[in-house]
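This is what each chain is made of:
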Amino acid sequence: MKLDGTKVVVVGMARSGVAAVRFLVDKGAIVRALDERPLEDVSGIRVELQADANLSDAQLVVISPGVPADLDLLNLVRSRGVPVIGDVELAAPFLQGKTIGITGSNGKTTTTALTGHILEQAGVACQVGGNIGTPPIAMVETSQTEQWNVLELSSFQLETIDTFRAAIGVCINVTPDHLDRHHTFEGYAAAKGRLFETQQAGDFAVLNADDPTCVAYSKKTRGRTFWFSLNRPVTPGAWLENGTIRYGGETLMAASDVPLRGRHNIENTMAAAIASHLAGVPLPKIADGVRTFPGVEHRLELVREIDGVTYYNDSKATNVDATLKAIDAFPGGLWIILGGKDKDSDYTVLRAPLHDKAKAALLIGAAAKKIEAQLSDATQVLQCGTLAAAVEEAHKEAEPGDTVLLAPACASFDQFDNYEHRGRVFKELVHALAEGAH
(Lines give C-alpha, C1' and ligand atoms only; values in the text may rest on other atoms or scores of the structure.)
Protein backbone atom coordinates (compact mmCIF):
# COMPACT_ATOMS: atom_id res chain seq x y z
CA MET A 1 0.00 0.00 0.00
CA LYS A 2 1.59 3.27 -1.17
CA LEU A 3 0.87 6.06 1.30
CA ASP A 4 3.67 8.59 0.77
CA GLY A 5 2.11 11.57 -1.04
CA THR A 6 -1.33 9.93 -1.20
CA LYS A 7 -4.34 12.09 -0.34
CA VAL A 8 -6.07 10.18 2.48
CA VAL A 9 -9.21 11.27 4.30
CA VAL A 10 -9.86 9.74 7.73
CA VAL A 11 -13.52 9.85 8.77
CA GLY A 12 -14.35 9.61 12.49
CA MET A 13 -12.00 10.87 15.18
CA ALA A 14 -12.57 8.25 17.86
CA ARG A 15 -9.62 6.23 19.16
CA SER A 16 -8.89 4.30 15.97
CA GLY A 17 -9.38 7.33 13.72
CA VAL A 18 -6.89 9.35 15.74
CA ALA A 19 -4.43 6.44 15.58
CA ALA A 20 -4.93 6.23 11.80
CA VAL A 21 -4.19 9.95 11.35
CA ARG A 22 -0.97 9.63 13.33
CA PHE A 23 0.10 6.56 11.35
CA LEU A 24 -0.67 8.15 7.99
CA VAL A 25 1.14 11.39 8.83
CA ASP A 26 4.17 9.31 9.82
CA LYS A 27 3.99 7.49 6.46
CA GLY A 28 4.05 10.75 4.51
CA ALA A 29 0.42 10.77 3.41
CA ILE A 30 -1.44 14.04 2.78
CA VAL A 31 -4.06 13.66 5.51
CA ARG A 32 -7.43 15.25 6.05
CA ALA A 33 -9.36 14.44 9.25
CA LEU A 34 -13.18 14.59 9.40
CA ASP A 35 -15.76 14.17 12.13
CA GLU A 36 -19.44 14.95 12.70
CA ARG A 37 -18.57 17.56 15.30
CA PRO A 38 -15.85 20.18 15.74
CA LEU A 39 -12.79 18.78 17.56
CA GLU A 40 -9.26 19.81 18.42
CA ASP A 41 -6.42 19.23 15.97
CA VAL A 42 -4.98 15.71 15.70
CA SER A 43 -1.20 15.47 15.13
CA GLY A 44 -1.24 18.98 13.70
CA ILE A 45 -4.14 18.16 11.34
CA ARG A 46 -7.24 20.33 11.63
CA VAL A 47 -10.42 18.28 12.13
CA GLU A 48 -13.02 19.36 9.58
CA LEU A 49 -16.70 18.55 9.32
CA GLN A 50 -17.91 15.33 7.69
CA ALA A 51 -19.12 16.60 4.30
CA ASP A 52 -18.79 15.54 0.67
CA ALA A 53 -16.81 18.67 -0.22
CA ASN A 54 -14.08 17.52 2.14
CA LEU A 55 -13.87 14.16 0.37
CA SER A 56 -13.81 15.43 -3.21
CA ASP A 57 -10.09 14.94 -3.90
CA ALA A 58 -9.52 11.85 -1.75
CA GLN A 59 -7.48 8.99 -3.19
CA LEU A 60 -8.16 6.77 -0.18
CA VAL A 61 -10.75 7.00 2.61
CA VAL A 62 -10.23 5.36 6.01
CA ILE A 63 -13.27 5.10 8.27
CA SER A 64 -13.37 4.49 12.02
CA PRO A 65 -15.42 1.47 13.19
CA GLY A 66 -18.10 3.80 14.55
CA VAL A 67 -18.78 5.29 11.10
CA PRO A 68 -21.46 3.37 9.11
CA ALA A 69 -19.90 1.99 5.93
CA ASP A 70 -23.09 2.66 3.93
CA LEU A 71 -23.29 6.42 4.49
CA ASP A 72 -24.42 8.28 1.34
CA LEU A 73 -21.24 10.35 1.21
CA LEU A 74 -19.12 7.16 1.35
CA ASN A 75 -21.18 5.54 -1.42
CA LEU A 76 -20.57 8.68 -3.46
CA VAL A 77 -16.83 8.32 -2.89
CA ARG A 78 -16.96 4.66 -3.97
CA SER A 79 -18.83 5.63 -7.12
CA ARG A 80 -15.78 7.70 -8.05
CA GLY A 81 -13.61 4.58 -7.74
CA VAL A 82 -11.99 5.60 -4.46
CA PRO A 83 -11.32 2.76 -1.98
CA VAL A 84 -13.07 3.04 1.42
CA ILE A 85 -11.37 0.91 4.07
CA GLY A 86 -11.27 0.58 7.87
CA ASP A 87 -8.41 0.65 10.34
CA VAL A 88 -7.90 -3.14 10.22
CA GLU A 89 -7.45 -3.13 6.46
CA LEU A 90 -5.12 -0.12 6.73
CA ALA A 91 -2.99 -2.01 9.27
CA ALA A 92 -2.94 -5.31 7.33
CA PRO A 93 0.09 -4.71 5.02
CA PHE A 94 2.19 -3.26 7.85
CA LEU A 95 1.39 -5.56 10.80
CA GLN A 96 4.30 -7.98 11.31
CA GLY A 97 3.80 -11.49 12.68
CA LYS A 98 0.74 -13.73 12.44
CA THR A 99 -2.73 -12.77 13.61
CA ILE A 100 -5.36 -14.49 15.74
CA GLY A 101 -8.62 -12.71 14.87
CA ILE A 102 -11.51 -13.22 17.30
CA THR A 103 -15.11 -12.20 16.64
CA GLY A 104 -18.59 -13.08 17.89
CA SER A 105 -21.67 -11.33 19.18
CA ASN A 106 -20.77 -12.13 22.78
CA GLY A 107 -17.64 -13.37 24.48
CA LYS A 108 -15.07 -11.99 22.06
CA THR A 109 -13.51 -9.62 24.61
CA THR A 110 -13.14 -12.35 27.21
CA THR A 111 -11.84 -14.83 24.63
CA THR A 112 -9.34 -12.30 23.25
CA ALA A 113 -8.05 -11.35 26.69
CA LEU A 114 -7.91 -15.01 27.77
CA THR A 115 -6.02 -16.05 24.62
CA GLY A 116 -3.49 -13.28 25.16
CA HIS A 117 -3.14 -14.28 28.82
CA ILE A 118 -2.54 -17.96 27.95
CA LEU A 119 0.11 -17.05 25.35
CA GLU A 120 1.87 -14.63 27.70
CA GLN A 121 1.86 -17.12 30.60
CA ALA A 122 3.30 -19.78 28.29
CA GLY A 123 6.08 -17.46 27.13
CA VAL A 124 4.74 -17.05 23.57
CA ALA A 125 5.36 -13.54 22.23
CA CYS A 126 2.11 -11.68 21.57
CA GLN A 127 0.34 -8.36 21.74
CA VAL A 128 -3.39 -7.89 22.31
CA GLY A 129 -5.67 -5.22 20.87
CA GLY A 130 -8.19 -4.50 18.13
CA ASN A 131 -11.70 -3.64 19.27
CA ILE A 132 -10.37 -3.66 22.85
CA GLY A 133 -7.45 -1.57 24.03
CA THR A 134 -5.04 -0.64 21.27
CA PRO A 135 -6.39 -0.06 17.72
CA PRO A 136 -4.77 -2.38 15.12
CA ILE A 137 -3.06 0.51 13.35
CA ALA A 138 -1.40 1.55 16.62
CA MET A 139 -0.06 -2.01 17.03
CA VAL A 140 2.00 -1.82 13.83
CA GLU A 141 4.92 -0.06 15.52
CA THR A 142 5.24 -2.72 18.23
CA SER A 143 4.61 -5.72 15.95
CA GLN A 144 7.42 -8.22 15.34
CA THR A 145 7.89 -11.09 12.91
CA GLU A 146 8.01 -13.82 15.57
CA GLN A 147 4.95 -12.61 17.46
CA TRP A 148 1.20 -13.15 17.51
CA ASN A 149 -1.22 -10.25 17.14
CA VAL A 150 -4.34 -11.24 19.12
CA LEU A 151 -7.16 -9.03 17.84
CA GLU A 152 -10.76 -8.64 18.95
CA LEU A 153 -12.65 -7.78 15.76
CA SER A 154 -16.14 -6.30 15.55
CA SER A 155 -18.55 -6.52 12.64
CA PHE A 156 -17.88 -2.82 12.05
CA GLN A 157 -14.17 -3.56 11.56
CA LEU A 158 -14.65 -6.71 9.50
CA GLU A 159 -17.18 -5.41 6.98
CA THR A 160 -14.50 -3.31 5.26
CA ILE A 161 -11.62 -5.85 5.08
CA ASP A 162 -10.27 -7.12 1.79
CA THR A 163 -6.62 -8.22 2.18
CA PHE A 164 -6.49 -8.52 5.98
CA ARG A 165 -6.00 -12.16 6.89
CA ALA A 166 -6.08 -14.05 10.19
CA ALA A 167 -3.89 -17.16 10.40
CA ILE A 168 -6.31 -18.27 13.13
CA GLY A 169 -9.86 -16.94 12.88
CA VAL A 170 -12.27 -17.50 15.79
CA CYS A 171 -16.02 -16.94 16.02
CA ILE A 172 -17.70 -17.56 19.38
CA ASN A 173 -21.34 -17.13 18.30
CA VAL A 174 -23.57 -14.96 16.13
CA THR A 175 -26.84 -13.65 17.52
CA PRO A 176 -28.83 -10.53 16.54
CA ASP A 177 -26.95 -7.32 17.37
CA HIS A 178 -26.28 -3.92 15.81
CA LEU A 179 -29.36 -4.23 13.60
CA ASP A 180 -29.67 -0.45 13.75
CA ARG A 181 -26.36 -0.38 11.83
CA HIS A 182 -26.43 -3.54 9.65
CA HIS A 183 -30.25 -3.42 9.09
CA THR A 184 -30.68 -7.23 8.88
CA PHE A 185 -29.29 -10.22 10.75
CA GLU A 186 -28.03 -11.55 7.42
CA GLY A 187 -26.05 -8.36 6.81
CA TYR A 188 -24.60 -8.51 10.32
CA ALA A 189 -23.64 -12.18 9.94
CA ALA A 190 -22.08 -11.52 6.53
CA ALA A 191 -19.87 -8.79 8.01
CA LYS A 192 -18.50 -11.20 10.62
CA GLY A 193 -18.08 -13.87 7.95
CA ARG A 194 -15.50 -11.73 6.15
CA LEU A 195 -12.97 -12.94 8.74
CA PHE A 196 -13.14 -16.42 7.20
CA GLU A 197 -13.57 -15.42 3.55
CA THR A 198 -10.09 -13.85 3.47
CA GLN A 199 -8.34 -16.91 4.94
CA GLN A 200 -6.02 -19.06 2.84
CA ALA A 201 -4.92 -22.70 2.79
CA GLY A 202 -2.82 -23.37 5.89
CA ASP A 203 -4.94 -21.07 8.08
CA PHE A 204 -7.35 -22.26 10.79
CA ALA A 205 -10.98 -21.43 11.59
CA VAL A 206 -12.14 -22.04 15.18
CA LEU A 207 -15.93 -22.24 15.23
CA ASN A 208 -18.85 -22.99 17.55
CA ALA A 209 -20.38 -26.30 16.42
CA ASP A 210 -23.59 -25.43 18.32
CA ASP A 211 -24.18 -22.18 16.39
CA PRO A 212 -25.68 -22.56 12.87
CA THR A 213 -24.17 -19.30 11.59
CA CYS A 214 -20.71 -20.35 12.77
CA VAL A 215 -21.20 -23.74 11.11
CA ALA A 216 -21.99 -21.94 7.85
CA TYR A 217 -18.70 -20.00 8.13
CA SER A 218 -16.82 -23.29 7.80
CA LYS A 219 -17.84 -23.30 4.13
CA LYS A 220 -16.38 -19.80 3.62
CA THR A 221 -12.83 -20.52 4.78
CA ARG A 222 -10.02 -22.15 2.82
CA GLY A 223 -8.38 -23.03 6.11
CA ARG A 224 -8.92 -26.07 8.32
CA THR A 225 -11.83 -25.90 10.76
CA PHE A 226 -11.55 -26.75 14.47
CA TRP A 227 -14.75 -26.98 16.49
CA PHE A 228 -15.90 -26.43 20.06
CA SER A 229 -19.18 -27.61 21.60
CA LEU A 230 -20.98 -27.63 24.94
CA ASN A 231 -23.20 -30.49 23.79
CA ARG A 232 -21.26 -33.22 22.01
CA PRO A 233 -17.81 -34.53 21.01
CA VAL A 234 -16.39 -32.75 17.94
CA THR A 235 -13.37 -33.56 15.80
CA PRO A 236 -11.01 -31.87 15.56
CA GLY A 237 -11.67 -29.66 18.55
CA ALA A 238 -12.80 -29.31 22.16
CA TRP A 239 -16.00 -30.19 23.98
CA LEU A 240 -17.62 -30.40 27.40
CA GLU A 241 -18.18 -33.93 28.69
CA ASN A 242 -19.42 -34.77 32.20
CA GLY A 243 -18.02 -31.56 33.70
CA THR A 244 -14.67 -31.93 31.94
CA ILE A 245 -13.28 -29.95 29.00
CA ARG A 246 -11.87 -32.43 26.50
CA TYR A 247 -9.55 -31.54 23.64
CA GLY A 248 -8.85 -34.08 20.92
CA GLY A 249 -9.68 -36.92 23.29
CA GLU A 250 -7.40 -35.63 26.05
CA THR A 251 -8.54 -33.98 29.26
CA LEU A 252 -7.78 -30.25 29.27
CA MET A 253 -9.24 -29.38 32.69
CA ALA A 254 -12.31 -29.62 34.89
CA ALA A 255 -14.95 -27.08 33.93
CA SER A 256 -15.16 -26.13 37.62
CA ASP A 257 -11.53 -24.91 37.40
CA VAL A 258 -12.52 -22.16 34.96
CA PRO A 259 -12.56 -19.00 37.16
CA LEU A 260 -15.44 -17.34 35.28
CA ARG A 261 -19.19 -17.59 35.91
CA GLY A 262 -21.60 -19.11 33.39
CA ARG A 263 -21.67 -21.88 30.78
CA HIS A 264 -20.93 -19.33 28.06
CA ASN A 265 -17.49 -18.87 29.60
CA ILE A 266 -16.81 -22.59 29.05
CA GLU A 267 -17.35 -21.85 25.34
CA ASN A 268 -14.99 -18.88 25.55
CA THR A 269 -12.41 -21.05 27.31
CA MET A 270 -12.60 -23.79 24.69
CA ALA A 271 -12.24 -21.27 21.85
CA ALA A 272 -9.22 -19.65 23.53
CA ALA A 273 -7.71 -23.07 24.25
CA ILE A 274 -7.93 -24.17 20.61
CA ALA A 275 -6.49 -20.87 19.32
CA SER A 276 -3.65 -21.03 21.86
CA HIS A 277 -2.89 -24.67 21.03
CA LEU A 278 -2.78 -23.87 17.31
CA ALA A 279 -0.36 -21.06 18.21
CA GLY A 280 1.94 -23.58 19.87
CA VAL A 281 0.95 -23.76 23.56
CA PRO A 282 0.84 -27.28 25.10
CA LEU A 283 -2.40 -28.33 26.82
CA PRO A 284 -1.03 -28.31 30.42
CA LYS A 285 0.17 -24.71 29.98
CA ILE A 286 -3.22 -23.74 28.52
CA ALA A 287 -4.94 -25.10 31.64
CA ASP A 288 -2.49 -23.18 33.85
CA GLY A 289 -3.22 -19.99 31.91
CA VAL A 290 -6.99 -20.42 32.26
CA ARG A 291 -6.75 -21.00 36.02
CA THR A 292 -4.79 -17.77 36.53
CA PHE A 293 -6.97 -15.59 34.29
CA PRO A 294 -8.27 -12.58 36.29
CA GLY A 295 -11.29 -11.98 34.05
CA VAL A 296 -12.32 -8.89 32.11
CA GLU A 297 -13.59 -5.62 33.58
CA HIS A 298 -17.31 -5.00 32.94
CA ARG A 299 -17.92 -8.73 32.21
CA LEU A 300 -19.82 -10.39 35.11
CA GLU A 301 -17.44 -8.54 37.40
CA LEU A 302 -18.13 -8.92 41.10
CA VAL A 303 -18.20 -5.38 42.49
CA ARG A 304 -19.13 -5.81 46.14
CA GLU A 305 -21.23 -7.67 48.67
CA ILE A 306 -23.15 -5.45 51.06
CA ASP A 307 -25.78 -6.52 53.60
CA GLY A 308 -25.74 -10.01 52.07
CA VAL A 309 -26.54 -8.68 48.58
CA THR A 310 -23.98 -9.12 45.78
CA TYR A 311 -23.54 -6.57 43.00
CA TYR A 312 -22.27 -7.59 39.55
CA ASN A 313 -21.19 -5.32 36.72
CA ASP A 314 -21.89 -6.73 33.25
CA SER A 315 -22.04 -3.38 31.48
CA LYS A 316 -20.57 -5.04 28.40
CA ALA A 317 -23.87 -6.89 27.98
CA THR A 318 -24.86 -4.44 25.25
CA ASN A 319 -27.26 -6.82 23.47
CA VAL A 320 -30.07 -9.16 24.44
CA ASP A 321 -28.11 -12.39 23.99
CA ALA A 322 -25.36 -11.17 26.32
CA THR A 323 -28.02 -10.40 28.93
CA LEU A 324 -29.50 -13.89 28.52
CA LYS A 325 -26.05 -15.37 29.17
CA ALA A 326 -25.62 -13.14 32.25
CA ILE A 327 -29.00 -14.21 33.67
CA ASP A 328 -28.10 -17.86 33.03
CA ALA A 329 -25.01 -17.46 35.24
CA PHE A 330 -27.16 -16.90 38.37
CA PRO A 331 -29.67 -19.18 40.17
CA GLY A 332 -32.24 -16.46 40.91
CA GLY A 333 -33.02 -13.55 43.23
CA LEU A 334 -32.03 -11.04 40.55
CA TRP A 335 -32.58 -7.30 40.53
CA ILE A 336 -31.54 -6.65 36.96
CA ILE A 337 -30.81 -3.20 35.55
CA LEU A 338 -31.87 -2.95 31.89
CA GLY A 339 -31.93 -0.13 29.37
CA GLY A 340 -29.92 2.40 27.42
CA LYS A 341 -29.84 3.09 23.70
CA ASP A 342 -31.97 0.60 21.78
CA LYS A 343 -30.42 -1.25 18.84
CA ASP A 344 -33.72 -2.38 17.27
CA SER A 345 -33.64 -5.30 19.71
CA ASP A 346 -36.36 -7.78 20.64
CA TYR A 347 -36.54 -7.92 24.45
CA THR A 348 -39.38 -10.46 24.58
CA VAL A 349 -36.84 -13.33 24.67
CA LEU A 350 -35.94 -12.13 28.18
CA ARG A 351 -39.47 -12.79 29.45
CA ALA A 352 -39.12 -16.45 30.45
CA PRO A 353 -35.73 -16.21 32.22
CA LEU A 354 -36.78 -13.02 34.04
CA HIS A 355 -40.07 -14.62 35.10
CA ASP A 356 -38.07 -17.52 36.57
CA LYS A 357 -35.16 -15.66 38.12
CA ALA A 358 -35.84 -11.95 38.59
CA LYS A 359 -37.48 -10.16 41.49
CA ALA A 360 -37.59 -6.98 39.41
CA ALA A 361 -36.28 -5.30 36.28
CA LEU A 362 -35.03 -1.77 36.98
CA LEU A 363 -35.28 0.23 33.76
CA ILE A 364 -33.09 3.15 32.71
CA GLY A 365 -32.39 5.23 29.64
CA ALA A 366 -34.00 5.80 26.27
CA ALA A 367 -35.17 2.19 25.71
CA ALA A 368 -37.00 1.94 29.05
CA LYS A 369 -40.54 2.39 27.68
CA LYS A 370 -40.00 -0.19 24.91
CA ILE A 371 -38.53 -2.69 27.36
CA GLU A 372 -41.43 -2.19 29.78
CA ALA A 373 -43.94 -2.79 26.99
CA GLN A 374 -42.24 -6.08 26.09
CA LEU A 375 -41.57 -7.35 29.65
CA SER A 376 -44.23 -5.86 31.92
CA ASP A 377 -46.14 -9.07 32.68
CA ALA A 378 -43.01 -11.26 33.02
CA THR A 379 -41.66 -9.70 36.21
CA GLN A 380 -42.01 -6.59 38.37
CA VAL A 381 -40.89 -3.60 36.27
CA LEU A 382 -39.67 -0.39 37.89
CA GLN A 383 -39.01 2.75 35.83
CA CYS A 384 -35.90 4.33 37.40
CA GLY A 385 -34.66 6.65 34.63
CA THR A 386 -31.04 6.85 35.74
CA LEU A 387 -28.44 4.33 36.83
CA ALA A 388 -28.08 6.11 40.17
CA ALA A 389 -31.80 5.77 40.86
CA ALA A 390 -31.74 2.08 39.86
CA VAL A 391 -28.85 1.29 42.20
CA GLU A 392 -30.57 3.15 45.04
CA GLU A 393 -33.84 1.30 44.46
CA ALA A 394 -32.09 -2.08 44.37
CA HIS A 395 -30.15 -1.27 47.54
CA LYS A 396 -33.39 -0.34 49.29
CA GLU A 397 -35.39 -3.40 48.21
CA ALA A 398 -32.94 -6.30 47.77
CA GLU A 399 -32.72 -8.90 50.54
CA PRO A 400 -29.78 -11.01 51.75
CA GLY A 401 -29.01 -13.68 49.15
CA ASP A 402 -30.20 -11.51 46.24
CA THR A 403 -28.04 -10.27 43.38
CA VAL A 404 -28.11 -6.84 41.76
CA LEU A 405 -26.98 -7.25 38.15
CA LEU A 406 -26.18 -4.51 35.65
CA ALA A 407 -26.70 -6.29 32.30
CA PRO A 408 -28.45 -3.62 30.23
CA ALA A 409 -29.09 -5.38 26.85
CA CYS A 410 -28.56 -1.96 25.25
CA ALA A 411 -25.85 0.37 24.05
CA SER A 412 -24.76 3.06 26.50
CA PHE A 413 -24.66 6.13 24.29
CA ASP A 414 -27.88 7.73 25.53
CA GLN A 415 -26.44 8.53 28.98
CA PHE A 416 -22.77 7.47 28.86
CA ASP A 417 -19.69 7.75 26.63
CA ASN A 418 -19.42 3.96 26.24
CA TYR A 419 -20.06 0.74 28.16
CA GLU A 420 -16.82 1.21 30.13
CA HIS A 421 -18.03 4.60 31.38
CA ARG A 422 -21.39 3.05 32.33
CA GLY A 423 -19.64 0.22 34.20
CA ARG A 424 -17.32 2.57 36.07
CA VAL A 425 -20.25 4.75 37.17
CA PHE A 426 -22.12 1.65 38.37
CA LYS A 427 -19.11 0.54 40.43
CA GLU A 428 -18.71 4.02 41.91
CA LEU A 429 -22.39 4.07 42.89
CA VAL A 430 -22.17 0.60 44.48
CA HIS A 431 -19.01 1.43 46.41
CA ALA A 432 -20.70 4.59 47.72
CA LEU A 433 -23.61 2.63 49.27
CA ALA A 434 -23.80 2.62 53.04
CA GLU A 435 -24.15 -0.65 54.90
CA GLY A 436 -27.29 -1.28 56.97
CA ALA A 437 -29.33 1.21 54.95
CA HIS A 438 -32.37 -1.07 54.58
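Preceding block: the structure.
Residues numbered from 1 in each chain as written. Predicted model: local features only at pLDDT ≥ 70, side-chain atom pairs only at ≥ 80, totals over all residues. Heavy atoms only, no water.

With that settled, the discussion passes to helix α13 (residues 368–375). Considered for burial, the residues of α13 that qualify are Ala368, Ile371, Gln374 and Leu375. The buried residues of α13 occupy an angular sector of 135° when the element is viewed end-on, so they sit on one face. Exposed side of α13, more than 90 degrees from the buried face: Lys369 and Ala373 are the residues found there. Those residues of α13 hidden inside the fold are in contact with β17 (334–339), α12 (351–357), β18 (358–364) and β19 (381–385). (Buried < 20%, exposed > 50% of the residue type's maximum accessible area, 1.4 Å probe, protein only. Helix = DSSP H or I, 4+ residues; strand = E, 2+ residues; numbered from the N terminus. Arc of directions from axis to C-beta. Contact = heavy atoms within 4.5 Å.)

Let's shift gears to the nonpolar core. In terms of nonpolar packing, the biggest core is built from 47 residues, with Leu24 and Leu90 touching the most fellow members. Of all the secondary-structure elements, those providing two or more residues to this core are β1 (7–11), α1 (15–26), β2 (30–35), β4 (60–63), α3 (87–91), α7 (185–197), β10 (204–208) and α8 (212–217). Here this core takes six residues from α1, the largest share from any one element. Core analysis: the next-biggest nonpolar cluster, separate from the first, contains 41 residues, Ile118, Leu240, Leu260 and Ile266 among them. (Core = buried A, V, L, I, M, F, W, Y, C linked by side-chain atoms within 4.5 Å.)

A word on the packing of aromatic side chains. Summed over the entire model, instances satisfying the criterion amount to five aromatic pairs. When the centroid spacing of 5.3 Å and the interplanar angle of 25° are considered together, the rings of Phe196 and Tyr217 count as stacked. Here Phe196, found in helix α7, pairs with Tyr217, found in helix α8; they are 21 residues apart in sequence, far enough to count as distant. For the pair formed by Phe196 and Tyr217, the shared burial category is buried. (Phe/Tyr/Trp six-rings, centres within 6.5 Å; stacked < 30°, edge-to-face > 60°.)

Another aspect to go through is the sheet that holds strand β5 (residues 84–86). The sheet built from five strands is open, its strands ordered β3-β2-β1-β4-β5 with parallel pairing. A strand with exactly one partner marks an edge of an open sheet, and here the two such strands are β3 (47–49) and β5. Averaged over all adjacent pairs, the angle separating strand axes in this sheet is 35°, with direction ignored. Sheet analysis places β2 next to β3, joined by three bridges and oriented parallel. Among the inter-strand pairings, Ala33 is bridged to a residue of β3, identified as Val47. (Pairing = 2+ DSSP bridges. Axes fitted to C-alpha atoms, helices over the stretch in contact; angles between N-to-C directions.)

As a further point, take the sheet that holds strand β11 (residues 224–229). With mixed pairing, nine strands are arranged side by side in an open sheet as β7-β8-β6-β9-β10-β11-β12-β13-β14. A strand with exactly one partner marks an edge of an open sheet, and here the two such strands are β7 (126–130) and β14 (250–254). In this sheet, adjacent strand axes meet at a mean angle of 20° when their direction is disregarded. Alignment of β11 against strand β12 (residues 237–241), held across three bridges, turns out to be parallel. Across the sheet, Ser229 pairs through a bridge with Trp239, a residue of β12. Across the sheet, helix α4 (residues 108–121) touches β6 (98–103), β7 and β8 (148–152), and the angle it forms with β8 is around 165°. In the packing of helix α10 (residues 283–291) onto the sheet, the strands contacted are β13 (244–247) and β14, and the crossing angle to β14 comes to about 15°.

As a packed pair, α4 and helix α9 (residues 264–278) sit with axes 9 Å apart at the nearest point and diverge in direction by 45°. Taken together, α4 and α9 sit at an angle that is classed as oblique. In this structure, α4 meets α9 at a crossing whose hand is right-handed. On the side of α4, the interface is formed by Thr110, Thr111, Leu114, Thr115, Ile118 and Leu119, while α9 contributes Asn265, Asn268, Thr269, Ala271, Ala272, Ala275 and Ser276. (Parallel < 35°, antiparallel > 145°, perpendicular 65-115°, else oblique. Left-handed = near helix turned anticlockwise from the far one by under 90°.)

Position of Asn242 relative to the elements: it lies in the loop between β12 and β13. Of the residues examined, Asn242 reaches a relative accessible area of 76% and is grouped as exposed.

Right, let's get into the environment of Ala255. Tracing the backbone shows Ala255 in the loop between β14 and α9. Put simply, Ala255 and Ala409 are 154 residues apart on the chain and 27 Å apart in space, counted from C-alpha to C-alpha. For Ala255, the residues in contact, after removing those within four places along its chain, are Leu240, Gly243, Thr244, Ile245 and Ile266.

This next bit is on the pairing of strand β16 (residues 309–313). Counting buried residues along β16, five of its five residues qualify, which places the element largely inside the surrounding structure. Burial along β16 is two-sided: Val309, Tyr311 and Asn313 facing one way and Thr310 and Tyr312 facing the other are all buried. With five bridges joining them, strand β15 (residues 301–306) and β16 adopt antiparallel strand pairing. Looking across to β16, one finds that Ile306 is bridged to Val309. Between the end of β15 and the start of β16, which pair antiparallel, lie two residues, with Asp307 showing a positive phi angle near 55°. Here four bridges tie β16 to strand β20 (residues 403–406), and the two strands are oriented parallel to one another. By the bridge assignment, Tyr312 is partnered in β20 with Leu405.

Take the packing of α4 against α10 next. For the pair α4 and α10, the least separation of the axes is 8 Å and the interaxial angle reads 125°. For the element pair α4 / α10, the angle class is oblique. Regarding α4 and α10, the two cross each other, and that crossing is right-handed. Contacts between α4 and α10 involve Leu114, His117 and Ile118 from the first element and Ile286, Gly289 and Val290 from the second. A per-class count over the contact of α4 with α10 returns four nonpolar, two polar and no charged. (Nonpolar A, V, L, I, M, F, W, Y, C, P; charged D, E, K, R; others polar.)

Tracing the backbone shows Met139 in the loop between β7 and β8. We classify Met139 as buried; its relative accessible area is 1%. Spatially, the C-alpha atoms of Met139 and Leu95 are 7.3 Å apart, while their sequence positions differ by 44 residues. Look past the residues within four positions of Met139 in its chain and what remains in contact with it is Leu95, Gln127, Val128, Gly129, Gly130, Thr134 and Leu151.

Everything listed is a geometric property; what it means functionally is a separate question.
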